[in-house]
Amino acid sequence: MKLDVDRKRLVSEIEALASISDGEAPAVTRIVFTPTDLKARAWLRTRCEEAGLAVRWDAVGNTFARWAGSDPAAAAVGTGSHIDAIPNAGKYDGVVGVLGGLEAIRALQRSGFRPKHSIELLVFTSEEPTRFGIGCLGSRLLSGSLSPEAAGRLADDEGKSIDEVRGGAGLQGELADVKLADGYYKAFVELHIEQGPLLERQQIPLGVVTNIAAPASLRISIAGAGGHAGGVLMPDRRDALCAAAELILAIENAALTSGAWDTVATVGMCEVFPGAVNSIPSQVRLSVDIRDTDRERRDAVMRAAENAGQAISAKRQVAIHTDLLNADAPANCAPGVVEALSQSCQKRGQNFLPMVSRAYHDSLFMARITPTGMLFIPCRNGYSHRPDEYASAEDIARGTLVLAETLAVLSA
Ligand code: GLV
Ligand code: MN
Ligand code: MN
């Protein structure tokens, strides 16, 4: 099969989508269900319809663009990713999997290939946790990993419920109907930038993912006592930020000493109240993200954080309260999809690295309902979630070609 990826068009589409942003270029900010996100969705829908795909969406806005196979009743083969972007992000996270997936379908169409199983491009809603505090909202609901009741209780920072927000975006229907029927997909493959440095460092053009690390997210509230920064003597203080500082270092230490590089822990948000230079912090709120490919090891870091919190609370006379937002199970990619990806690399003469995904992806949840695999391309310096995130046109086109080849194998 002669497969050609239209690299120029793909790159210009990535640029066009990046221009639909609330960030100042080159930064991309596209928070779910903002007017900007809705504009990007409409733009993408037009691109899918131009490719002759039948587009539908569900009650949470997950979008499905289908190229019907010769056996339309057979389970579909899915590919795709997300287009929402955290504040001050880059152009490629998620987008490469969506626009690369679209171009892979177009390349297959141009080659004369006709799939037996329909091929469906998926654009998941809110892979990023920015608005509702939980990542992979769309794929959690699709896969039945989050109950519609729990999803219905989510609200954004302004207190708007998910129903209010999705209603405002014109989405109708029940969250309970988002879960896909058993056997809907035959397989799912996601193309993504690596978001780490290994491929670039080892000069290997492609990564075939074998397993996906899973995150746990915590919100920790610390309540101490405020007061005048001049008037309150040091022995009398119950400074919530000093307690938070100790706790942050204890969490870092627990991850550092887990015995495996796969364990990572990040305190990415620290809100200080009242936030005045001459006022002792009385309250602090931390957001904590702990990940591992091994659930037990990850959970041990969570227990260490809990124990450290109790000790710090007693020592400093502050109240520490932890809310668990999610603690997901890591996923293994399906051997059959890993094999299809590996063979497609070989067929196209491409060296590849079997590797772990340390970032999470919608594939983490798709793996619960269908055989799933991921294909990584390098990104410069491993940078991601920052405006200078970059993947070369050559690498994007290469990944798209191997994705197309893999979709052909899986959908035949
Ligand atoms: C996804 O964006 C992640 O944080 O891994
Ligand atoms: Mn991301
Ligand atoms: Mn992503």
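Everything here concerns the structure above.
This section reports on the structure supplied with the text. (Residues numbered from 1 in each chain as written. Chains lettered and ligands numbered in written order. Predicted model: local features only at pLDDT ≥ 70, side-chain atom pairs only at ≥ 80, totals over all residues. Heavy atoms only, no water.)

**Topic: the site of ligand 1**
Spelled out, the test is: Whether a residue is near a molecule or strand is decided by its heavy atoms; if any one of them lies within 4 Å of it, the residue is near. Two N or O atoms form a polar contact when they lie within 3.5 Å of each other; inside protein one atom must be a possible hydrogen donor and the other a possible acceptor, and for residues adjacent in sequence the pair counts only when both atoms belong to side chains. Charged means Asp, Glu, Lys or Arg here, nonpolar means Ala, Val, Leu, Ile, Met, Phe, Trp, Tyr, Cys or Pro, and polar covers whatever is left, Gly included.
For ligand 1, the full set of nearby residues is Glu127, Glu128, Arg291, Ala359, Tyr360 and His385. Contact between ligand 1 and Tyr360: an oxygen atom at 2.8 Å from a main-chain N or O atom of the residue. Here an oxygen atom of ligand 1 sits 3.3 Å away from a polar atom, N or O, in the side chain of His385. Split by residue class, the shell around ligand 1 holds two nonpolar, one polar and three charged.

**Let's talk about the pattern of salt bridges**
So the rule is basically this: Salt bridges are defined as contacts in which a side-chain nitrogen from Lys or Arg sits within 4 Å of a carboxyl oxygen from Asp or Glu. Three exposure classes are used, based on accessible area relative to the maximum for each residue type with a 1.4 Å probe and protein chains only: buried under 20%, partly exposed in between, and exposed over 50%.
According to the stated counting rule, one finds 27 salt bridges in the structure shown. The salt bridge involving Asp4 is made with Lys2; its shortest N-O contact spans 2.7 Å. Under the relative-accessibility criterion, Asp4 is labelled partly exposed at 42%. Lys2 sits in the exposed class, given a relative accessible area of 63%.

**Section: the environment of Leu175**
Note the threshold: In this text, helices come from DSSP runs of H or I with a minimum length of four residues, and strands from runs of E with a minimum of two, each type numbered from the N-terminal end.
Its place among the elements puts Leu175 in the loop between α6 (162-168) and β7 (185-193). Taking relative accessible area as the criterion, Leu175 reaches 6% and is therefore assigned buried. Distance in space between the C-alpha atoms of Leu175 and Ser21 is 27 Å, their sequence separation being 154 residues.

**Some points on the coordination of the manganese ion (ligand 2)**
Angles between donor atoms at a metal ideally measure 109.5 degrees for a four-coordinate tetrahedral arrangement and either 90 or 180 degrees for a six-coordinate octahedral one. Here is the rule we go by: For Na, K and Ca the donor cutoff is 3.2 Å, while for all other metals N, O and S atoms must lie within 2.8 Å; water is not among the atoms, so some sites may look incomplete.
In the first shell of the manganese ion (ligand 2), the protein supplies Asp93 (OD), Glu128 (OE) and His385 (NE2), at 2.0 to 2.1 Å from the metal. Sequence spacing of the donor residues for the manganese ion (ligand 2), all on one chain, is D-x34-E-x256-H. If you look at the manganese ion (ligand 2) and the manganese ion (ligand 3), they sit 3.7 Å from each other and are both ligated by Asp93. Of the two residues, Glu128 sits in the loop between β6 (119-124) and α4 (137-142) while His385 sits in the loop between β17 (372-377) and α12 (393-411), which places them 257 residues apart along the sequence. For His385, a relative accessible area of 37% gives the class partly exposed.

**Things to note about the coordination of the manganese ion (ligand 3)**
The protein atoms that coordinate the manganese ion (ligand 3) are His82 (NE2), Asp93 (OD) and His192 (NE2), at distances spanning 2.0 to 2.3 Å. Mapped onto the sequence, the donors of the manganese ion (ligand 3) take the spacing H-x10-D-x98-H.

**Notes on the packing of aromatic side chains**
For any two aromatic rings, the description comes down to two numbers: the centre-to-centre distance and the angle of the planes. The cut-off we apply is this: Only centres within 6.5 Å qualify two rings of Phe, Tyr or Trp (six-membered ring in Trp) as a pair; their planes then separate them into stacked at under 30 degrees, edge-to-face at over 60, and tilted for everything else. Look at NZ for Lys and CZ for Arg. If either is within 6 Å of the ring centre and within 35 degrees of the ring normal, a charge sits over the ring.
Counting across every chain of the model gives five aromatic pairs. Where Trp67 meets Phe113, the ring centres are 6.5 Å apart and the plane angle is 65°; that geometry is what we call edge-to-face. Taken together, the positions of Trp67 in strand β3 (residues 63-67) and Phe113 in the loop between α3 (95-111) and β6 put the pair 46 residues apart, joining distant regions of the chain. Like Phe113, Trp67 is buried. For the ring pair Tyr92 and Tyr390, a centre distance of 6.0 Å and an interplane angle of 85° mean the geometry is edge-to-face. Here Tyr390 lies in the loop between β17 and α12 and Tyr92 lies in the loop between β5 (85-89) and α3, a separation of 298 residues in the sequence. Look at Tyr92 and you get buried, because its relative accessible area is 6%. Members of the aromatic cluster, joined through ring pairs, are Phe64, Tyr184 and Tyr185. The ring centre of Phe64 lies 3.9 Å from the NZ or CZ of Arg56, which sits over that ring. In this structure, Arg386 packs its charged tip against the face of Tyr383, placed 3.4 Å from the ring centre.

**Some words on the pairing of strand β9 (residues 214-223)**
The test is simple: Two strands are counted as paired when DSSP detects at least two bridges linking them.
With seven of ten residues buried, β9 lies mostly within the body of the structure. In this sheet, strand β14 (residues 319-327) lies alongside β9 in antiparallel orientation, the contact comprising eight bridges. Considered in β14, the bridge of Ile222 is made with Ile320.

**Focus: the layout of surface pockets**
The following threshold applies: The pocket and cavity definitions rest on a 1 Å grid over protein atoms only: a 1.4 Å probe that fits but cannot leave marks a cavity, an open set with protein on both sides within 12 Å along at least five of seven lines marks a pocket, and residues lining either have an atom within 4 Å of a point. Grid points are joined across faces, edges and corners, and a volume is the space filled by probe spheres set on the points.
Reported here for the second largest pocket is a volume of approximately 280 Å³. Looking at the second largest pocket, it is lined by 16 residues, and the ones nearest its centre are Arg41, Ala42, Arg45, Trp57 and Thr63. Mapped onto the lining of the second largest pocket, the elements with two or more residues apiece are α2 (35-50) and β2 (54-57). No other element matches the six residues that α2 contributes to the lining of the second largest pocket. Split into classes, the residues belonging to the lining of the second largest pocket amount to eleven nonpolar, three polar and two charged.

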